[in-house]
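Coordinate inspection notes
Below, each chain spelled out in residue letters.
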Amino acid sequence: MQCAKETHVDMRIEKQLQKGHAPNLSDYDQECASFSWAKAREELDGLPGDRGLNLAYEAIGRHVAKGLGDQTAIIWLGKKGERVEISYAELDSLSNKFANVLANLGVEPGDRVYSLAGRIPELYVCALGTLKHRAVFCPLFSAFGPEPIAQRLNLGEARVLLSTERLYRRRIAGIRERIPTLEHVIVVADPKKPKKPEGTVDWSDAMTEAMADYEIADTDPETPALLHFTSGTTGTPKGAYHVHQAVLTHYMTGKLALDLRPGDIYWCTADPGWVTGTSYGISAPLTNRVTMIIDEAEFDPKRWYQILEEEKVQVWYTAPTAIRMLMKTGPELPQSKDLSALRFMASVGEPLNPQAVVWGYEVFGKPFHDNWWQTETGGIMISNYASMDVKPGSMGRPIPGVTAGIVREGDDGHLHEVDDPDKDGELALRPDWPSMFRGYWNNKERYDACFRDGWYLSGDLARRDEEGYYWFVGRADDVIKSAGHLIGPFEVESVIMKHPAVAEVGVIGKPDPVAGTIIKAFVSLHPDHEWSDELQKELIGFGRKNLGTAAPREIDFIESLPKTRSGKIMRRLLKARELGLPEGDTSTLEGGDS
Ligand code: ATP
Ligand code: MG
């Protein structure tokens, strides 16, 4: 790697543990040495009578059984200023009802129950009721247009769909006959015009008729539970499915990586349409018995800071794009708020630039803790922990119980671990953690191709330093080979981000008749800066000074970078547009077909 030295940021944020405030994971090495998944399993209850492990029971039933049902499970903040609290006991009884709704409709265990709804309470009731009934819950992002919806419903052979009246009329009604497996659509009515669309089941009617008691049947830990589509950053989205025992990873990583404690006020900003919004927006928080905030509205800096202050959020889990947008609005707003309740801040989804970590530290008095995982891994795999020093730009260290490695193919054609801290390779995991995906739906070949020589291959390139911290280099597809060197876009982007005018940056490799490939950067600017030839020259000079041969030869202005709806920069689109090539699957493109 060319630019490794410059971006192995010299800074280190040291943690000093306060007496009486020890994080759940206070000694990383000790925790790793004593950890086993079997021991972790003992912290969960299992279905009464030793009848297996059901995600929904671990999330709610067991707390209610212990007399803790009065605790608030959900604080729901509506777009129009509504605020609704739902206790664990209420959530238990509502999801029992929904499980009975499914039973009344003749839905069988293993059938796929989809949702296409905004972040409304019914979605969470549907998720938990579906899991109780041992059907497979598959949430779709509500801004998808009809085509991506049809594609995903057909891929997973949906039998039931939960939606809202508005979304049904706009997005589903027209495609319904193209989804032959879809028997029932349950619709949450618009209170202003509660007229049920033809051929649908009304949510309120069905829930009123259903009983509030439901006994979860024996659940083998390997029973399929969740089906999630990937973000489509690198191509057509894949449907990865997970089983009920994924709850073990959700619970343990919520506890160890997010430092969740019973009774905490916790806010995961992700939508359940993406895996983060389910694993860490439903399962991890509820199994750790926290009170979770659900905000129905879209990103808005003012609103977000207000929520953090007014709801006294203690643990906040968000994403790099949101953090960069908050940085864009400046430090004044957060500094005018009382955010003293905030104890831990974490980020996932794409690389978190060192600048963002440091900004968090300066503005909130604590750094953002980056962690790495994928739809396929079902839960956090590599993380920065509350007790561990943070090296800005690093993803942290593997979760206790997870074995990670950096691998390369050797001359013998097999994968071997790379021990040299300056050498990158593919980030791989030993496939034995509970939330590992058990397949891509109906695509065994693609699933099998992810495993080799006893490793699960992530498709991401990374490096591991002397202290065991992992550093993201880039997605295998995005890495640039220029002048004989492999260059990771993230490290180039992180350096360009240091320039005060730059708000966001995306880097690609561009074919060049002389050099083979040159590096090209696209930058968007902070509001108080304007694009000009001088600034362009200055940025190119800035890159050259800090990156040497890994500097972008070309830098262009872009109003905003193309991103997936889950907020990831789509470098493949930057490249296709630059080279005039076909754009490929754009179903997850933000602002695209909806
Ligand atoms: P697709 O597989 O369809 O191209 P995707 O990989 O973006 O989409 P997800 O499973 O949502 O779909 O995202 C996982 C990927 O996001 C990781 O493989 C990695 O490339 C990136 N990622 C997630 N967290 C981090 C992180 N902390 N640092 C760097 N990259 C990250
Ligand atoms: Mg992926």
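Residues numbered from 1 in each chain as written. Chains lettered and ligands numbered in written order. Predicted model: local features only at pLDDT ≥ 70, side-chain atom pairs only at ≥ 80, totals over all residues. Heavy atoms only, no water.

**Concerning the state of the cysteines**
- Inspection of the entire model under this criterion finds zero disulfides.
- Among the cysteines around Cys 138, which has no disulfide bond, Cys 126 carries the closest sulfur, lying 11 Å off.
- On the basis of relative accessible area, Cys 138 is assigned to the buried category, the value being 0%.
- Of all cysteine sulfurs in the structure, the one in Cys 138 sits closest to Cys 268, which takes part in no disulfide; the separation is 18 Å.
- Assessed through its relative accessible area of 10%, Cys 268 is described here as buried. (Disulfide = S-S within 2.5 Å. Buried < 20%, exposed > 50% of the residue type's maximum accessible area, 1.4 Å probe, protein only.)

**Examining the environment of Tyr 124**
- Examined against the element boundaries, Tyr 124 turns out to sit in helix 6 (residues 121-132).
- By relative accessible area, which is 3% here, Tyr 124 ends up buried.
- Taking C-alpha positions, Tyr 124 is 8.9 Å from Pro 272, a pair spaced 148 residues apart along the chain.
- Residues in contact with Tyr 124, not counting those within four places in the same chain, are Ile 74, Arg 119, Pro 272, Gly 281, Ile 282, Met 292 and Ile 294. (Helix = DSSP H or I, 4+ residues; strand = E, 2+ residues; numbered from the N terminus. Contact = heavy atoms within 4.5 Å.)

**A short note on the packing of helix 4 (residues 55-65) against helix 11 (residues 275-287)**
- Axis separation between helix 4 and helix 11 bottoms out at 8 Å; the angle between their running directions is 45°. Between helix 4 and helix 11, the angle falls in the class oblique. Along this stretch, helix 4 crosses helix 11, giving a crossing that reads as left-handed. Along the contact surface, helix 4 presents Leu 55, Glu 58, Ala 59, Arg 62 and His 63, while helix 11 presents Ser 283, Leu 286 and Thr 287.
- For the contact of helix 4 with helix 11, the residue count by class is three nonpolar, three polar and two charged. (Axes fitted to C-alpha atoms, helices over the stretch in contact; angles between N-to-C directions. Parallel < 35°, antiparallel > 145°, perpendicular 65-115°, else oblique. Left-handed = near helix turned anticlockwise from the far one by under 90°. Nonpolar A, V, L, I, M, F, W, Y, C, P; charged D, E, K, R; others polar.)

**As for the environment of Thr 236**
- With respect to the helices and strands, Thr 236 occurs in the loop between strand 8 (224-229) and strand 9 (239-243).
- Residues in contact with Thr 236, not counting those within four places in the same chain, are Gln 151, Arg 446 and Asp 585.

**A closer look at the side chain of Arg 119**
- Mapped onto the elements, Arg 119 comes out in the loop between strand 3 (112-116) and helix 6.
- The exposure class of Arg 119 is buried, given its relative accessible area of 9%.
- Among the polar contacts made by the side chain of Arg 119, one reaches the main-chain carbonyl oxygen of Ala 297 at a distance of 2.8 Å.
- With near-sequence residues (within four places) excluded, Arg 119 lies in contact with Trp 76, Tyr 124, Ala 270, Asp 271, Pro 272, Ile 294, Asp 295, Glu 296, Ala 297 and Glu 298. (Polar contact = N/O pair within 3.5 Å; in protein donor to acceptor, adjacent residues only side chain to side chain.)

**Topic: a positive patch on the surface**
- Residues Lys 79, Lys 80, Arg 166, Arg 170, Lys 192 and Lys 193 make up a contiguous surface patch of positive charge.
- Take Lys 192: it is sitting in the loop between strand 6 (184-188) and strand 7 (201-202). (Patch = residues over 30% accessible without salt bridge, like charges linked within 9 Å, V, L, I, M, F, W, Y side chains within 5 Å. Areas by Shrake-Rupley, 256 points an atom, 1.4 Å probe, with all protein chains shown as cover. Salt bridge = Lys/Arg side-chain N within 4 Å of Asp/Glu carboxyl O. Lys, Arg positive; Asp, Glu negative; His and termini not counted. Charge placed at Lys NZ, Arg CZ, Asp CG, Glu CD.)

**Here we look at the site of ligand 1**
- Near ligand 1, the surroundings consist of 21 residues, among which Thr 230, Thr 233, Thr 234, Thr 375 and Asp 460 are the closest.
- Here an oxygen atom of ligand 1 and a side-chain polar atom of Gln 374 are 2.8 Å apart.
- Here Asp 460 contributes a side-chain N or O atom positioned 2.7 Å from an oxygen atom of ligand 1.
- Calculation on ligand 1 without its partners gives an accessible area of 630 Å², and the protein chains cover 96% of this total.
- At the level of elements, strand 14 (368-372) and strand 23 (470-475) are the ones that each hand at least two residues to the shell around ligand 1.
- Top element by residues in the shell around ligand 1 is strand 14. It accounts for three residues.
- Looking at the shell around ligand 1 residue by residue, the class counts come to six nonpolar, nine polar and six charged. (Near = heavy atom within 4 Å.)

**Regarding the confidence of the model for the protein chain**
- Averaged over all residues, the pLDDT of the protein chain equals 93, while 97% of them reach at least 70.
- Predicted confidence is poor over residues 1-9, with pLDDT under 50, and the contacts of this stretch with residues over four places away or in other chains come to 30 contacts. (pLDDT = per-residue confidence, 0-100.)

**A look at the side chain of Arg 463**
- Along the chain, Arg 463 falls in strand 22 (residues 455-464).
- What makes Arg 463 buried here is its relative accessible area of 0%.

**Quick look at the environment of Val 402**
- Turning to its location among the elements, Val 402 is positioned in the loop between strand 16 (394-398) and strand 17 (404-409).
- Val 402 gets classed as buried once you look at its relative accessible area, which sits at 9%.
- Measuring from C-alpha to C-alpha, the distance between Val 402 and Arg 430 comes to 7.3 Å, with 28 residues separating the pair along the chain.
- Not counting residues up to four positions away in its chain, the partners in contact with Val 402 are Trp 37, Met 381, Leu 429 and Trp 433.

**So, the pattern of salt bridges**
- Inspection of every chain in the model, using the stated rule, returns 45 salt bridges.
- Arg 62 is paired through a salt bridge with Asp 45; the nearest N and O atoms lie 3.4 Å apart. Of the two residues, Arg 62 sits in helix 4 while Asp 45 sits in the loop between helix 3 (37-41) and helix 4, which places them 17 residues apart along the sequence.
- One continuous salt-bridge network, built from bridges that share partners, spans Arg 12, Asp 389, Lys 391, Asp 465 and Glu 467.

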